[in-house]
Every structure is written in structure tokens, then in C-alpha cells.
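# An overview of the molecular structure
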Amino acid sequence: MKGTFDRLRARYAWLDHAVRAQQRYDRAQGDIYAAGITYFTIFALFPLLMVGFAVVGFVLAGRPQLLTEIDSRVKAAVPGDLGPQLLALMDSAIDSRTSVGLIGLATAVYVGLLWMQRVREALTQMWGQASATTGFVKTKLSDLRALAVALVASLLTIGLTALAVPALIIPSVGVSWLLFTAMIARLPRHAVPFRRCAAAGLLAAVGFEIFKQVASVYLRIVLHGPAGAVFGPVLGVMVFAYMTARLVLFATAWAATDISAPVAEDSTSAPLRSD
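Every chain begins its residue count from 1, and numbering advances along the sequence as written. The predicted origin of the model limits local features to residues at a pLDDT of at least 70 and limits the giving and counting of side-chain atom pairs to 80 or more, whereas totals for whole chains, interfaces and linings rest on all residues. In computing side-chain values, all of the structure's heavy atoms are included and hydrogens and water are not.

Only DSSP runs of H or I with at least four residues qualify as helices, and only runs of E with at least two residues qualify as strands; both kinds are numbered from the N terminus onward. Within the chain one finds 10 helices and zero strands. Ordered by position from the N terminus, the helices and strands of the chain form the series α-α-α-α-α-α-α-α-α-α. Residue burial is assigned from relative accessible area. The probe radius is 1.4 Å, only protein chains are included, and a residue is buried under 20% of its type maximum, exposed over 50%, and partly exposed in between. Looking at the chain residue by residue over its 275 residues, the buried ones come to 35%. Relative to all contacts within the chain whose residues are 6 or more apart in sequence, the contacts with residues 24 or more apart total 75%. Of the roughly 16,000 Å² of accessible surface on the chain, 72% is carried by carbon and sulfur atoms. Residues count as neighbours in contact if any of their non-hydrogen atoms are within 4.5 Å of one another. Computed with a 1.4 Å probe, the accessible areas rest on the Shrake-Rupley method; for each residue, only the protein chains presented here act as cover.

Attention shifts here to helix H3 (residues 30-61). Because an α-helix packs 3.6 residues into every turn, residues spaced three or four apart end up facing the same way. Expected span, for any helix, means 1.5 Å times one less than how many residues it has. Between its terminal C-alpha atoms H3 stretches 46 Å, which fits the 46 Å expected from 32 residues at 1.5 Å a residue. Among all positions of H3, only Gly30, Ala34, Ile37, Thr38, Phe40, Ala44, Pro47, Ala54, Gly57 and Leu60 are buried.

Attention shifts here to unusual backbone geometry. In this structure, Gln29 takes a positive phi of about 60° despite not being glycine. Its place among the elements puts Gln29 in the loop between helix H2 (13-27) and H3. Looking at Gln29, the relative accessible area reads 46%, which means it is partly exposed.

On to the pattern of salt bridges. When a carboxyl oxygen of Asp or Glu lies within 4 Å of a side-chain nitrogen of Lys or Arg, that pair is called a salt bridge. In total, this model carries six salt bridges according to the counting rule given. Of the charged contacts in the structure, one is a salt bridge between Asp16 and Arg9, with a shortest N-O distance of 2.7 Å. Taken individually, Asp16 and Arg9 each receive the classification buried, so the pair is uniform in this respect. For the salt bridge of Asp143 with Arg120, the shortest nitrogen-to-oxygen distance reads 2.7 Å. Linking Asp143 in helix H7 (residues 136-162) with Arg120 in helix H6 (residues 97-127), this pair joins segments that are 23 residues apart in sequence. There is no split in this pair, since Asp143 and Arg120 are both buried. What emerges from the salt-bridge pattern is a single network uniting Arg9, Asp16 and Arg20.

Bringing a nonpolar patch on the surface into the picture now. For patch detection, residues must exceed 30% relative accessible area and be free of salt bridges, and they are connected within 9 Å for like charges or within 5 Å for nonpolar side chains (Val, Leu, Ile, Met, Phe, Trp, Tyr). The grouping of Tyr39, Phe43, Leu45, Phe46, Leu48, Leu49, Phe53 and Val237 at the surface amounts to a nonpolar patch, some 800 Å² of accessible area in total. Among the elements that make up the nonpolar patch, the one with the highest residue count is H3 (seven residues). Mapped onto the elements of the fold, Leu49 is located in helix H3.

Moving on, we get to the packing of aromatic side chains. Only Phe, Tyr and Trp rings are paired, with Trp represented by its six-membered ring, and only when their centres lie within 6.5 Å; those with planes under 30 degrees apart are stacked, over 60 edge-to-face, the remainder tilted. The full count for this structure, using the stated rule, is seven aromatic pairs. For the ring pair Tyr12 and Trp14, a centre distance of 6.4 Å and an interplane angle of 50° mean the geometry is tilted. Overall, the relative accessible area of 33% leaves Tyr12 in the partly exposed class. Judged by its relative accessible area of 58%, Trp14 falls in the exposed class. Where Phe250 meets Trp254, the ring centres are 6.5 Å apart and the plane angle is 55°; that geometry is what we call tilted.

Whenever a helix is involved, its axis is fitted only over the stretch in contact; in every case the axis is a line through C-alpha atoms, and angles between N-to-C directions fall within 0 to 180 degrees. Put simply, H3 and H6 touch, their axes get as near as 8 Å, and they point 160° apart. By the criterion of interaxial angle, the relationship of H3 to H6 is roughly antiparallel. At the point where H3 passes H6, the crossing takes the left-handed sense. Gly counts as polar in this scheme, as do all residues outside two lists: the nonpolar Ala, Val, Leu, Ile, Met, Phe, Trp, Tyr, Cys and Pro, and the charged Asp, Glu, Lys and Arg. When grouped by side-chain class, the residues that make up the contact of H3 with H6 number 22 nonpolar, eight polar and three charged. Oblique is the label for any angle not covered by the other classes, which are roughly parallel (under 35 degrees), roughly antiparallel (over 145) and roughly perpendicular (65 to 115). Each crossing gets its hand from how the near helix is turned against the far one by less than a right angle, where anticlockwise is left-handed and clockwise is right-handed.

Looking at the secondary structure, you find Thr244 in helix H10 (residues 226-256). A relative accessible area of 15% means that Thr244 is categorised as buried. Setting aside residues up to four positions removed in sequence, Thr244 forms contacts with Phe208 and Phe211.

You can read pLDDT as the predictor saying how much it trusts each residue, on a scale of 0 to 100. Per-residue pLDDT for the chain averages 79, and the proportion of residues at 70 or more is 79%. At the level of individual helices and strands, the chain shows its lowest average pLDDT in helix H5 (residues 82-95), which scores 71, and its highest in H2, which scores 93.

Right, let's get into the environment of Met243. Mapped onto the elements, Met243 comes out in helix H10. Take Met243: its relative accessible area is 35%, and that puts it in the partly exposed class.

In this section: the packing of helix H1 (residues 2-11) against H2. At a minimum axis distance of 5 Å, the contact between H1 and H2 shows a crossing angle of 110°. One element, H1, and the other, H2, form an angle in the roughly perpendicular class. The residues of H2 that touch H1, namely those facing Phe5, Leu8, Arg9 and Arg11, are Ala13, Leu15, Asp16, Val19, Arg20 and Gln23.

Pasting the structure below:
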């Protein structure tokens with residue numbers, strides 16, 4: 001079987017390239033990095049929710065008519081003492097919107113920088129590069145700028161998918177292509193030319209779009225039951241974050257692997273190099 005597979009690798013360049021990319025991914029401990037990125041992704045959701053609650057609080061505080069309408073609907077829909085308790089909780093959230101928003105924003109920036117640090121370390125390892133020697137402040141400012149760009153691009157591509165309009169799938173793939181190509185080329189501690197990363201970025205973008213469609217079907221299925229309504233979204237976010245991280249890291253390993261190298265180039269014990 002090994003001899004047959006080696007002959008297939010020698011015959012089909014794309015298969016050999018994929019195998020060597022997977023070997024690079026394994027040697028760089030891609031699964032461990034993907035798990036770390038997933039942890040900080042889930043961790044970042046809590047401060048982001050705090051910021052979201054604060055934004056809603058400011059909106060409601062500035063629109064008393066809307067707040068009155070919500071009060072009446074809650075009282076009509078929730079029987080007994082639960083309705084007033086929910087309203088008291090909502091009023092408390094509105095009153096503390098400033099402090100909740102500031103704490104949530106500060107925590108989100110802190111966790112976001114940790115997330116970006118893990119992402120850049122993982123991509124640097126996939127390329128087989130040495131660690132950067134730039135100063136702490138310069139590194140954090142660079143991470144903050146990259147975090148802002150990645151957040152805007154991610155929200156844009158996910159928003160296009162959420163509209164569920166078939167005509168917007170191509171623009172969504174296009175945005176993802178630019179996002180992933182920029183991540184693969186610019187987020188490693190030593191930048192790589194865009195032209196070398198374009199094919200890998202397209203590979204990641206197509207895989208990401210397929211995975212988003214599968215995830216949307218999964219959520220529609222699991223949210224029908226009570227257990228799914230409670231645990232389904234959490235598990236969905238975890239799987240989505242982990243698979244996206246693995247996809248980006250594998251695409252980076254693909255870009256870092258020399259397509260013209262011979263089949264025998266890689267082995268399980270070979271050290272990483274930047275090709």
C-alpha cells in the first residue's frame with residue numbers, strides 16, 4: 001500500500017503537495033495551536049457579550065418609548081413574579097451600562113491581543129520562521145491593528161453568509177479570500193509575499209464557506225430540542241472556531257510547502273524549514 005501511495009504521490013503533484021503540507025502541519029503541532037486559538041476565541045465571547053449588553057443599554061436608555069413597550073410586553077408574556085424580576089434585571093443592566101461596557105471593552109481588547117498573539121505564533125511556526133525580536137510595544141500595536149482588521153473582515157464575511165442570499169456567496173468567498181490571504185501572508189512575524197499565499201487563501205476561503213453552510217444546517221437541526229437550545233450553540237461555536245483555526249493553519253502549511261520539492265523531501269522527523 002505504501003508503494004502504491006508513493007507512486008500516486010509521484011504521479012499527482014497536488015496529492016504530494018497535500019501530503020507534505022499535512023506533514024508540516026503535524027510537525028509544527030498544528031492541532032495544539034488550533035486548540036489554543038479556540039480557547040481564546042471562546043474566552044473572548046464573554047467580554048464581547050458585555051459590550052453588546054452595554055450597547056443595548058445605551059440604545060434603550062435613549063429611547064424611553066421603546067423601553068416602555070418592552071416593559072408592557074414582558075409583563076403580558078411572563079406570568080407571576082418572574083416578569084417584574086426580569087424588568088428589574090433589565091433596569092439594573094441599563095443603569096450599569098457604562099461600567100459594564102468599559103470593563104467588557106478593556107477585557108475584550110486584552111483577550112483579543114492574547115488571541116492574536118497565539119494566531120501569529122501558530123502561523124509563524126507553520127512557515128518555519130524564527131520568533132520575532134521586535135519590542136513589546138511595537139509588537140502589541142501591530143497585534144492590535146491586525147486584530148481590528150481581522151474583526152471587521154470576519155464580521156463582513158459572516159454577515160454576508162447570514163443573509164442567506166445565494167448571490168452573496170461569491171462576495172463572501174471573495175472577502176474570505178482576501179482575509180485569509182492577508183492572514184497567511186502578513187500575520188506571521190516575518191511577512192511573506194502575497195502572491196505566494198493567494199492559492200492557499202483561496203483554498204481556505206472555499207473550505208470556510210463550505211463549513212459555514214454546514215454549520216448553519218447543524219444549528220437549525222439542533223436548536224429544535226431543549227437540550228440543543230442550551231448546549232447546541234456553545235458546541236457549535238467551539239467546533240466552528242476549532243475547525244476554522246485548523247483550516248487556516250493547514251492552508252498556511254500548504255503555502256509554506258514547496259510544490260516543486262520531491263516526494264522524499266518530508267519525513268516525520270525532518271525539521272521545519274521555510275522552503
